[in-house]
Amino acid sequence: MGVGLRAERIKVIKGRVQVLAVDELEIASGEIWGIIGPNGAGKSTLLHVLSLLERPDEGTVYFDGRPVNWRRREIMELRRQLAVVFQEPLLLNTTVYQNVALGLRFRGIKGPEAGRRVQKWLEILGIAHLALRKPWELSGGEARRVSLARALVLEPQVLLLDEPFVALDTPTRAALLVELRRLLKGRGITALFVTHDFMELPLLADRVAVLCDGRIVETGRPRDIPWSSWGPYRGQTGEESPYPWPWPGVWTRDEGAK
Ligand SMILES: Nc1ncnc2c1ncn2[C@@H]1O[C@H](COP(=O)(O)OP(=O)(O)OP(=O)(O)O)[C@@H](O)[C@H]1O
Ligand SMILES: [Mg+2]
């Protein structure tokens, strides 16, 4: 079963500006959260804090119910339980296969077991035929899939994804979202993903947090967020959100189904 995450009174200051001020965010074990908000809202910063990559200037992160003390040894230990997909796919200058296998090697999983796992995830993500390619021989969407495979192969307790589906064509993206949800729910993995795309939310998320100017301005089930007067976009344009909601054709899954 996955582990829960909690953030309490988090503040992050960058270049003298407060870029994140989250009073409370609780992600229960096995829950999937989507974070949406305009550019610069602090989404990646929040993801870095919850991934234990960036220590906040103030506040506490609870990992599996225990406050994180940010000592190096503890961080290393906790980070073994989580996997992150960054906003930019970071691939090493080696084959797709080796890129996916690398994280397993760091975690001491080698030999046939590693081979089986890598092959399985390459197949699930539809990139098995690219196993021997180098990163510069991949399209943008293929590179995205490789970075997803790198995270998923670890079969972590917690998965944090920063705009993981950007650059994927729409049919692939929809199929992958549904497949990913099935996978995460099947394994009880706790997950948080950042997106700019409203359509991704009902397909993958149990809960949504809307982030604006570093603050969470709305939380709820995807269908409960009042999109018609979506604060951040209205704030930027001075107008009602132009997005219809519920988005026609989006409700392909029975919300609440696990
Ligand atoms: N080193 C830095 N110094 C000053 N400000 C920074 C620094 N790094 C990031 N910021 C600011 O922090 C804020 C939050 O950045 P963050 O990357 O978390 O936003 P985001 O919501 O992920 O945006 P995007 O949708 O564009 O990815 C932004 O306003 C950004 O300009
Ligand atoms: Mg970002």
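Above: the structure in question.
As the structure is a prediction and not an experimental result, all values here were calculated from the model. (Residues numbered from 1 in each chain as written. Chains lettered and ligands numbered in written order. Predicted model: local features only at pLDDT ≥ 70, side-chain atom pairs only at ≥ 80, totals over all residues.)

Participant: Sorry if this is basic, but what is going on with the nonpolar core here?
Facilitator: Proteins that are soluble and globular tend to have nonpolar side chains buried together. In terms of nonpolar packing, the biggest core is built from 70 residues, with Leu50, Val100, Ala149, Leu159, Leu160 and Leu192 touching the most fellow members. The greatest single-element share of this core, amounting to six residues, is contributed by helix α5 (residues 140–152). Here this core spans two domains, and each of domain 1 (1–81 + 159–258) and domain 2 (93–155) adds at least three residues to it. Sequence-distant contacts of alanine 149, defined by excluding residues within four places in its chain, comprise Val100, Trp121, Leu122, Leu125 and Ile127. (Core = buried A, V, L, I, M, F, W, Y, C linked by C-beta atoms within 7 Å. Buried ≥ 20, exposed ≤ 12 C-beta atoms within 10 Å, placed from the backbone. Helix = DSSP H or I, 4+ residues; strand = E, 2+ residues; numbered from the N terminus. Domains from an automatic or database assignment. Contact = placed C-beta atoms within 7 Å.)

Participant: Would you mind going over the sheet that holds strand β5 (residues 66–67) with me for this structure?
Facilitator: The strands making up a sheet associate through backbone hydrogen bonding, with each pair oriented either parallel or antiparallel. The four strands lie next to each other as β2-β1-β4-β5, forming an open sheet whose pairing is antiparallel. Of all the strands in the sheet, just β2 (17–27) and β5 have a single pairing partner and so form its edges. Where strand β1 (residues 5–14) lies against strand β4 (residues 58–63), five bridges are found, and the strand directions are antiparallel. Bridge pairing links lysine 11 to glutamate 58 in β4. Helix-sheet contacts for helix α1 (residues 43–50) involve β1, β2 and β4, and the interaxial angle to β1 is about 125°. (Pairing = 2+ DSSP bridges. Axes fitted to C-alpha atoms, helices over the stretch in contact; angles between N-to-C directions.)

Participant: Please explain the sheet that holds strand β10 (residues 215–220) as it appears in this structure.
Facilitator: Read across the sheet, six strands follow the order β6-β7-β8-β3-β9-β10 without closing on themselves; strand pairing throughout is mixed. The sheet is open, and its two borders are formed by β6 (82–85) and β10, each paired with just one other strand. Across this sheet, the average inter-strand angle for adjacent strands is 15°, counted without regard to direction. As defined by bridge partners, strand β9 (residues 207–212) adjoins β10 across five bridges and the pair is classed as antiparallel. Residue pairing for β10: valine 210 is matched across the bridge by glutamate 218.

Participant: It is not clear to me how the packing of helix α3 (residues 96–106) against α5 should be interpreted in this structure. Could you clarify?
Facilitator: One way to put it is that α3 packs onto α5 with a least axis distance of 7 Å and a crossing angle of 30°. Accordingly, the angle class assigned to the pair α3 and α5 is roughly parallel. The hand of the α3/α5 crossing is right-handed. Counted together, Val96, Asn99, Val100 and Gly103 of α3 and Val146, Ala149 and Arg150 of α5 form the full contact between these two elements. For the contact of α3 with α5, the residue count by class is four nonpolar, two polar and one charged. (Parallel < 35°, antiparallel > 145°, perpendicular 65-115°, else oblique. Left-handed = near helix turned anticlockwise from the far one by under 90°. Nonpolar A, V, L, I, M, F, W, Y, C, P; charged D, E, K, R; others polar.)

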